[in-house]
Amino acid sequence: MSRVARARGRRTAASALDGTLWAPLAWLPTGWGEHVLLQVGRDGRWERIDVGVHAPPADAQRLDGPVLPGLVDAHSHAFQRAFAGLAERRAERAGHDDFWSWRERMYAVAARIEPDALRAIASQLDVELLKGGYTHVCEFHYLQRQADGQPYADDPLALAWALADAAAETRIGLTVLPVLYERAGFDGAPLAPRQRRFALDADGTWAACGRIAAAKRSHVHAGVAIHSLRAAAPDSVERLARHAEGYGGPIHVHVAEQMREVEECVAALGARPVEWLASRPGVALDGRWQLVHATHVTGAEVDAVAAARAGVVLCATTEANLGDGLTDLRAWLDAGEGGVALSIGSDSHVSRSWTEELRLLEYGQRLAHRARNVAAGGAGASELQAPAGRIWQRALAGGAGAAFGPGARWGLVAGARADLLVADSREPALLGVPPDRTLDALVFSTPSAPWRDVMVAGRWVVRDGAHEEEDAIAARFEAAMRALQAP
Ligand code: ZN
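This is a predicted model, so every value here is computed, not measured.

**Q** Explain the overall build of the protein chain to me, and be specific about the residues and the numbers.
**A** Helices and strands together make up the secondary structure of the protein chain, namely 17 helices and 18 strands. Relative to a compact globule of 487 residues, whose C-alpha radius of gyration would be 23 Å, the protein chain shows 22 Å and is just as compact. Its C-alpha atoms put the protein chain at 65 × 50 × 45 Å along the principal axes. Out of the 487 residues in the protein chain, the part that is buried amounts to 58%. The long-range fraction of contacts in the protein chain, counting pairs at least 24 apart against all pairs at least 6 apart in sequence, stands at 74%. Element-wise, carbon and sulfur atoms account for 51% of the exposed surface of the protein chain, whose accessible area totals about 19000 Å². In the protein chain, 52 side chains carry a positive charge and 60 a negative one; their mean positions are 3 Å apart.

Structure representation (structure tokens):
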């Protein structure tokens, strides 16, 4: 019987809230724990978690493999999934291909996407993210209007609801971040025709956040975003920050991804982008702020982010794909007391697997420094000092802040949403590996399909490697892709 057929046979069992689970090995805040009993409450959150339970109760469901928490994908543009693999040829006649030429081609795809197509693309993406070990995704949602720049007549949030519908169908958690986007560049030039469907001012961004939150959709959260300092004027950034005074949710902003952006920011605002955000009284950077990329920063900027307790979202595969440059990972890990809150984003979705993001983060540093285990350090169990464990532990906490705001509980702890991943104990990369090296092997021994089962809010959403809606979702996605590419 195939994996898919076996998973279908369990459909009924898979859709019920499960009470008690038992795992031989589970990733806890202190590192790996053995013989772990996990109790799911009726609210879909962990009620209690006990370690060293050698004789689980008879009704406990035994999980046959190492268990890890799900990870938050802290930065997504769902529509760009339709572009993955299709931008890997040098632009015709262009002598040089970089972020800016990629962006022109991305705009051409964005111009053609309507709510039905976005729903089809996002559902496919969500299934792939769940299978890649992400159980919640933060959508930096700037594809907001019709192609001609007018709001959708029936509902200006039609595209945001398409994303929420996809999340409901696939059962991934979702944070929608409407985006302040109002100009073409630091010179204040108006939006180009292809950017008009991205337009939203500070008041509109705040109102959209309020509507998404008020809808109270299951496992759908709201925050706000600023596209970048080049796409939003200082007054508008401050206006949105004023709206958000007293608000506990996340505030995301693209920053310092490209050197050209840094140079233009210095010329226009007299400071580098992170420096400007950190020093502007009307912005008041704090723990709600999530700086996406923050690739090109000085030591002083790293210290300022650490002092503000703001987070940084690293998108290693996209940053590599776009030729953005390498961030100083060690500086972020070591800054201040306990380092900066870091999270992982799959961004343009050239990869939908967090193990690949962690691997590339460390490998980029090895290539740059001509050294090994660059991200190692810290304190605690040996697996927490290893590069994979250190970045992973930081990304679990940082991802929770990026999705829900400061102080959110996440991981295998009481009160957190009952999300988990079960690794396939028969995965070749794990055969014969000691328990405390499990994460190292999952990240650096490039397993093919490490997650056998995935749970979100106490429900199984992937069983035996399959999502129960994956065939129908793939068919709709393929049709949407063909339509987007039709002449
Ligand atoms: Zn982005």
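**Q** Pulling in residues and values, what's your account of the state of the cysteines?
**A** According to the stated counting rule, one finds zero disulfides in the structure shown. The cysteine Cys315 is free of any disulfide, with Cys138 supplying the nearest cysteine sulfur at 11 Å.

**Q** Go over the coordination of the zinc ion with me, naming the residues and quoting the values.
**A** Distances from the zinc ion to its protein donors, namely His75 (NE2), His77 (NE2) and His254 (NE2), fall within the range 2.0 to 2.2 Å. Expressed as a motif, the donor residue spacing for the zinc ion is H-x1-H-x176-H. With His75 in strand 6 (residues 71–76) and His254 in strand 11 (residues 251–255), this residue pair connects regions lying 179 residues apart in the sequence. Accessibility expressed as a relative area gives 0% for His75, which makes it buried.

**Q** Could you give an account of unusual backbone geometry, naming the residues involved and the relevant values?
**A** What you tend to see is this: most non-glycine residues have negative phi, and most peptide bonds are trans. Positive phi, normally seen in glycine, also occurs at Ala294, with a value near 45°. Structurally, Ala294 can be placed in the loop between strand 12 (289–293) and helix 10 (299–308). Look at Asp464: it is not a glycine, yet its phi comes out positive at around 50°. Relative to the assigned elements, Asp464 resides in the loop between strand 17 (459–463) and strand 18 (466–467). The exposure class of Asp464 is buried, given its relative accessible area of 5%.

**Q** So what's going on with the pattern of salt bridges? Which residues, and what values?
**A** Within this structure, the stated rule accounts for 22 salt bridges. Measuring nitrogen to oxygen at the nearest pair gives 2.5 Å for the salt bridge that ties Arg280 to Glu238. Separated by 42 residues along the polypeptide, Arg280 in the loop between helix 9 (273–279) and strand 12 and Glu238 in helix 7 (residues 234–243) bring together distant segments of the chain. Of the residues examined, Arg280 reaches a relative accessible area of 28% and is grouped as partly exposed. Between Arg463 and Asp453 there is a salt bridge, with its nearest N and O atoms 3.6 Å apart. With Arg463 in strand 17 and Asp453 in strand 16 (residues 451–456), the pair connects residues that are 10 residues apart, well separated along the chain. A relative accessible area of 2% means that Asp453 is categorised as buried. Residues joined in a network through salt bridges with shared partners are Arg81, Glu128 and Arg352.

Thresholds, definitions, all that
All residue numbers refer to positions counted from 1 along the written sequence of the respective chain. A pLDDT threshold of at least 70 governs which residues receive local features in this predicted model, and a stricter bar of 80 or more applies before side-chain atom pairs are shown or counted, although totals over entire chains, interfaces and linings include all residues. To get the side-chain values, all heavy atoms of the structure are used, and hydrogens and water are removed first. Think of it this way: any DSSP run of H or I at least four residues long counts as a helix, any run of E at least two long counts as a strand, and we number them from the N terminus. In this setup the radius of gyration rests on C-alpha atoms only. A globule is expected at 2.2 Å times the number of residues raised to 0.38. A 1.4 Å probe rolled over the protein chains alone gives each residue an accessible area, and that area as a share of the maximum for its type sets the label: buried under 20%, exposed over 50%, partly exposed in between. In this analysis, two residues are considered to be in contact whenever any of their non-hydrogen atoms come within 4.5 Å of each other. The protein chains shown are the only cover counted for residues, whose accessible areas, like all others here, come from Shrake-Rupley with a 1.4 Å probe. His is not counted here, nor are the chain ends, while Lys and Arg score as positive and Asp and Glu score as negative. In this description, the location of a charge corresponds to atom NZ of lysine, CZ of arginine, CG of aspartate or CD of glutamate. Cysteine sulfur pairs qualify as disulfides if the two atoms are within 2.5 Å. Listed donors are limited to N, O and S atoms within 2.8 Å of the metal, widened to 3.2 Å for Na, K and Ca; water is not among them, so incomplete-looking sites are possible. A pairing counts as a salt bridge when a side-chain nitrogen of Lys or Arg comes within 4 Å of a carboxyl oxygen of Asp or Glu.

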